[in-house]
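# Chains, contacts and geometry: an overview
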Amino acid sequence: MDRVSAFDEPLKKLLGGATAKVMAEHLDLHTVGDLLHHYPRRYEERGRLTALTDLPLDEHVTVVAQVSDARVMAFNGGRGKRLEVTLTDGHGRLQLVFFGHGVHKPHKELLPGRRAMFAGKVSVFNRKMQLAHPTYQLLDAELTDEAGASEAVDAFAGKLLPIYPACKQLDSWRIAKAVDAVLPSAQEAVDPLPPALREGRGFTALPEALLKIHRPQTKADVAAARDRLKWDEAFVLQVALARRRYADTQLPAVARRPVPGGLLDAFDAKLPFTLTDGQLKVSREIFDDLATEHPMHRLLQGEVGSGKTMVALRAMLTTVDAGGQAAMLAPTEVLAQQHHRSITEMMGELAEGGMLGGAELGTKVVLLTGSMGMPARRQALLDLVTGEAGIVIGTHALIEDKVKFHELGLVVVDEQHRFGVEQRDALRSKGKQPPHLLVMTATPIPRTVAMTVFGDLETSVLDQLPAGRSPIASHVVPAKDKPHFLSRAWERVREEVENGHQAYVVCPRIGDDEDEAAAKKGKKAAEEDGEKRPPLAVLEIAEQLAKGPLTGLRVEVLHGRMHPDEKDDVMRRFAAGQADVLVATTVIEVGVNVPNATAMVIMDADRFGVSQLHQLRGRVGRGSAPGLCLLVSEAHEASPARGRLAAVAATLDGFELSRIDLEERREGDVLGQAQSGVRSSLRVLSVIDDEEVIAAARAEAVEVVAADPELEHLPELRLVLDALLDKDREEYLDKG
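The structure contained in this document is the topic of the report that follows. (Residues numbered from 1 in each chain as written. Predicted model: local features only at pLDDT ≥ 70, side-chain atom pairs only at ≥ 80, totals over all residues. Heavy atoms only, no water.)

### A look at the nonpolar core
The condition is simple: Among the buried residues, those of types Ala, Val, Leu, Ile, Met, Phe, Trp, Tyr and Cys that are joined through side-chain atoms within 4.5 Å form a nonpolar core. For the exposure calls, accessible area comes from a 1.4 Å probe over protein chains only, and a residue counts as buried if that area is under 20% of its type's maximum, exposed if over 50%, partly exposed in between. Pairs of residues are marked as contacts when any of their non-hydrogen atoms sit within 4.5 Å.
Membership of the largest hydrophobic core comes to 37 residues, with the highest contact counts inside it found for M316, M347, I391, L410 and L438. Setting aside chain neighbours within four positions, we find I391 in contact with L313, M316, L317, V320, A326, M347, K364, V365 and V366. With 34 residues, the next largest nonpolar core counts Y43, V179, L210 and I213 among its residues.

Rendered as C-alpha cells:
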C-alpha cells in the first residue's frame with residue numbers, strides 16, 4: 001500500500017459499516033487518517049479515580065470510579081424494576097440508574113468494590129447528579145476466568161487510558177478499540193516537516209508521535225507526541241499562508257504614490273487637529289505598501305475610536321491623487337451612510353469635485369446602497385464608471401455586476417469578520433489589475449489569532465486613542481440582587497440628558513411578531529435550561545421606559561428589521577440631537593458615531609460576548625464629556641457570567657478583553673464557521689495557549705517558502721498540504 005492510500009483508506013473497510021457510519025455522521029471521521037488524527041482528550045491513570053465533583057451538566061462524559069452500593073427498587077406497584085448504583089471516587093458521589101430489562105446485567109456485574117469506566121450524559125434527578133443507562137467497561141482483575149483476568153490486567157495495569165472525544169452513539173473505549181485496528185497504518189504517515197527542521201528541533205518521528213499520543217506508556221510520551229503534532233499543525237498552516245502571501249507578491253498592481261500638492265496635502269492642511277503618532281506610523285506603513293507594484297494586503301486593527309477611518313481616508317485620498325478610485329465596503333446600510341456622512345464632513349469642499357463651490361482639487365464622494373432610489377443610484381453608477389467619483393462608500397450593493405469602475409485602485413473593507421471571502425473577492429475583481437486591499441476591524445485580535453486567521457495579511461495596530469477622547473466609566477448593575485441599583489441607573493440616564501447629552505439602551509432582542517414567535521419556541525427550552533424568561537426586547541423596554549422611569553424624555557427605537565429609510569431617519573435625528581434616548585439592538589455596535597451620546601445601559605449584558613460588550617461601550621465617550629456604561633444583569637454574583645462582566649468593567653483595554661474572550665470561547669468559534677478548512681486541521685494546536693509555537697512555525701514557514709515557493713524539494717510537505725488544503729480550502733485562505 002503506498003504512503004497516501006493507507007491514510008485514505010475508508011474506515012468502512014477496517015471497522016465495518018455500522019461503526020464507520022456512526023463515526024462519519026457523529027464525529028466527522030471518514031478515513032484511517034481522520035481516525036489517527038482523532039486524538040485522546042485526556043488520559044486516565046490506572047489506580048487514580050476521576051473527580052466526580054465537577055461533572056458538566058448535559059454533557060456526555062466518561063468517568064472512572066468505584067461502586068459503593070447497588071440496589072434494585074420496585075416501582076409502579078411492583079411491576080417495574082429500577083437498579084440504582086452509587087459510585088464514589090473518594091471526593092464525590094454519582095448515581096447511576098438502569099430500568100426495565102436493562103437491570104439484569106449491571107446488577108450481576110456492578111458489585112460494591114468493583115471499578116469500571118462509565119460513559120453517559122449527566123443529568124439531575126431529585127437534585128442529584130446521575131447517569132441514566134450508562135455504558136460501562138469493568139476495569140477489575142477479579143473477572144470470571146483466569147485468561148480474562150490476566151488480559152484485563154495486561155490491558156490496564158500501569159497504563160494511561162486514553163479518553164477520546166466521544167458521542168452518545170460511540171463510547172470512548174469503543175473508539176479506542178477502533179484506533180487499535182488502524183494504528184498499524186501510522187507507520188505509513190507522510191512526514192511534512194523538512195528533515196533539517198525536524199532534527200534541529202529534536203522532534204519525534206511522526207509514526208512514533210501518532211503511536212505515543214494514542215497508546216502512551218508514560219506522561220513523557222504524551223508530551224513528546226503533543227509537541228510534535230502541534231508543530232505539524234502550526235507549520236503546515238503557516239506554510240499555506242506564507243505561500244498565499246508569496247503568491248500575492250507575484251501579482252501585478254498599479255503603484256499609488258502620494259502626489260505633492262495633491263488632494264491629501266489639501267486635506268491634511270485643513271485638519272483642525274494633529275494626527276496621533278500611531279496614525280502617522282500606520283499611515284506610513286500603508287503608503288509604503290501602496291507605493292509597490294504588487295497589491296497591498298494589510299489588516300488594520302484599532303480600538304474603537306482610535307481613528308481608523310481617518311487613516312483609511314488618507315489612504316483613499318492618496319489613491320485618488322495617483323489616478324485611482326477607492327471603494328469602502330461597510331457591513332450595514334446604517335454604517336455605510338454613517339461613513340459617507342463623516343467622510344464628506346471631514347473633507348468639506350474637497351468632497352465636491354466638479355460641483356459648484358467644490359474645491360479645484362476635489363473629487364466626488366458617492367454612496368451606493370441597496371435601498372437607494374433609482375435616480376440617485378443611476379447617478380452614482382455613472383460617476384463611478386466615468387471616474388468622476390474618486391471615492392465610493394457602500395454595502396454589498398457595490399459587488400453587483402452592474403457596478404463598473406473607471407479605475408479601481410484600493411478596496412477598504414470595514415469590519416472584515418462580517419464579510420464572506422466571495423464578497424470581498426468579487427469587489428477586488430472589478431479592478432483592471434488587482435487593487436490594493438486594506439481590511440479594518442475594531443475587534444481587537446490577539447496576536448495568535450492574527451497569525452492564524454489573518455495569517456496572509458500584514459498587520460498594523462492602532463492602540464493609541466486620539467486626544468480629546470474621554471474616559472468611559474463602566475459598572476455592573478446587579479438588577480436581581482439590588483433592584484434599587486437599576487432605578488439609580490435610570491436616574492443617571494435622566495441626569496445625562498438634563499446636562500444636554502444623550503443615551504443608548506441596548507437589548508438582545510427586538511420583540512416584534514416575528515421575534516415573539518421565535519421567543520415562544522425558545523421559551524420551553526429556556527425553562528428546561530433553568531432560564532426564567534427570554535431575553536429583554538427593544539420594543540417592550542422602550543415602552544416601559546417612556547411610560548416609567550424616562551417619562552417626558554424623547555425615546556426612539558432602532559433595530560435591524562426596520563426599513564432602511566426609517567433606520568437612517570432615526571439615526572439622523574439622534575445624531576442631530578432630536579432624540580434623547582435610543583433603545584436599540586446591537587445594530588449600533590459598529591461605527592455609529594454620535595459624540596454627544598455619553599451614557600449606555602446594556603440590558604441582559606451577560607447575554608453578550610466580552611468583545612461585543614467592549615464594541616458597544618465604544619459608542620459613548622466619543623466627545624469631550626466622559627462616558628458611562630452600565631452593564632445590567634440578573635446573573636448570580638458567583639456565576640461565570642458575572643465574572644465576565646466584572647472583567648469588562650475593570651478594563652478599557654480591548655486586547656486584554658479579547659484574550660479573556662478567546663479563553664472563554666472554543667477555538668472553533670474564534671476561527672469561525674467560514675474557516676472550516678483551517679479549523680478541521682487544528683486538533684492539538686491551541687490559538688489560545690500556543691503563541692510561541694505559532695510564531696516560531698511562521699518564521700520557519702517564511703524561510704521555507706522564500707527558498708522554495710513551489711516546495712519542489714519538499715514533496716512530503718507538498719503532499720500533506722494538498723491533502724489538507726484541497727482547492728476550496730486554499731481559496732478560502734485568500735481571506736483578508
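### Digging into the sheet that holds strand β17 (residues 502-506)
For clarity, the cut-off: By the convention used here, strands pair only if DSSP detects at least 2 bridges between them. Here a helix means four or more residues in a row that DSSP labels H or I, a strand means two or more in a row labelled E, and each is numbered from the N terminus. For every element, the axis is a line fit to its C-alpha atoms; helices are fit only across the contacting stretch, and the angle between N-to-C directions ranges from 0 to 180 degrees.
On the basis of which strands lie adjacent, the open sheet formed by six strands has the order β16-β21-β20-β17-β19-β18 and parallel pairing. Either end of the sheet is taken by a strand with one partner, and the two such strands are β16 (472-478) and β18 (555-558). Here the strands of the sheet are splayed against their neighbours by 20° on average, with no regard to which way each runs. In terms of strand pairing, β17 meets strand β20 (residues 597-602) through five bridges, oriented parallel. The partner of V506 across the bridge, within β20, is I602.

### What to know about the sheet that holds strand β12 (residues 389-394)
Here we have seven strands laid out as an open sheet, ordered β11-β12-β10-β13-β14-β9-β15, and parallel in their pairing. The open sheet has two edge strands, β11 (364-368) and β15 (458-462), and neither has a second partner. For this sheet the average axis-to-axis angle between neighbouring strands, irrespective of direction, equals 20°. Pairing of β11 with β12 involves five bridges; the strand directions are parallel. Bridging across to β12, L368 finds its partner in G394. Sitting on the sheet, helix α12 (residues 277-290) touches β9 (297-302), β13 (408-414), β14 (436-441) and β15, and the angle it makes with β15 is about 160°. Packed on one face of the sheet, helix α13 (residues 308-321) meets β9, β10 (325-329), β12, β13, β14 and β15 and runs near 170° to β13.

### A few points about the pattern of salt bridges
Definition in use: A pair is scored as a salt bridge if a Lys or Arg side-chain nitrogen falls within 4 Å of a carboxyl oxygen belonging to Asp or Glu.
Throughout the structure, instances matching the rule amount to 38 salt bridges. A salt bridge links R488 to E491; the shortest N-O distance between them is 3.2 Å. Of this pair, R488 and E491 both sit in helix α18 (residues 483-498), three residues apart, which is roughly one turn of the helix.

### Describing the pairing of β18
Stated precisely, the cut-off is as follows: Handedness of a crossover is defined as follows: orient the strands so they point away from the viewer, and if the path from the first strand over the helix to the second runs clockwise, the crossover is right-handed.
A one-sided burial pattern is seen for β18, the buried positions being E556 and L558 and the unburied ones V555 and V557. Handedness of the crossover is the feature at issue here: the chain leaves β18, passes through helix α21 (residues 564-575), returns alongside strand β19 (residues 581-584), and the resulting connection is right-handed.

### Examining the packing of helix α10 (residues 219-250) against helix α27 (residues 691-707)
We count it as follows: Oblique is the label for any angle not covered by the other classes, which are roughly parallel (under 35 degrees), roughly antiparallel (over 145) and roughly perpendicular (65 to 115). By the definition used in this description, the sense in which the near helix is turned from the far one sets the handedness, with an anticlockwise turn below a right angle giving left-handed and a clockwise turn giving right-handed. Three categories are distinguished: nonpolar for Ala, Val, Leu, Ile, Met, Phe, Trp, Tyr, Cys and Pro, charged for Asp, Glu, Lys and Arg, and polar for the others, with Gly belonging to the last.
At a closest axis distance of 8 Å, the pairing of α10 and α27 adopts a crossing angle of 45°. Taken as axis vectors, α10 and α27 run oblique relative to one another. The interaxial crossing formed by α10 with α27 has right-handed handedness. For the pair formed by α10 and α27, the contact residues are K230, W231, A234, F235, Q238, V239, A242, R243, R245 and Y246 on the first element and V693, I694, A696, A697, R698, E700, A701, V702, V704 and V705 on the second. Looking at the contact of α10 with α27, its residues break down into 14 nonpolar, one polar and five charged.

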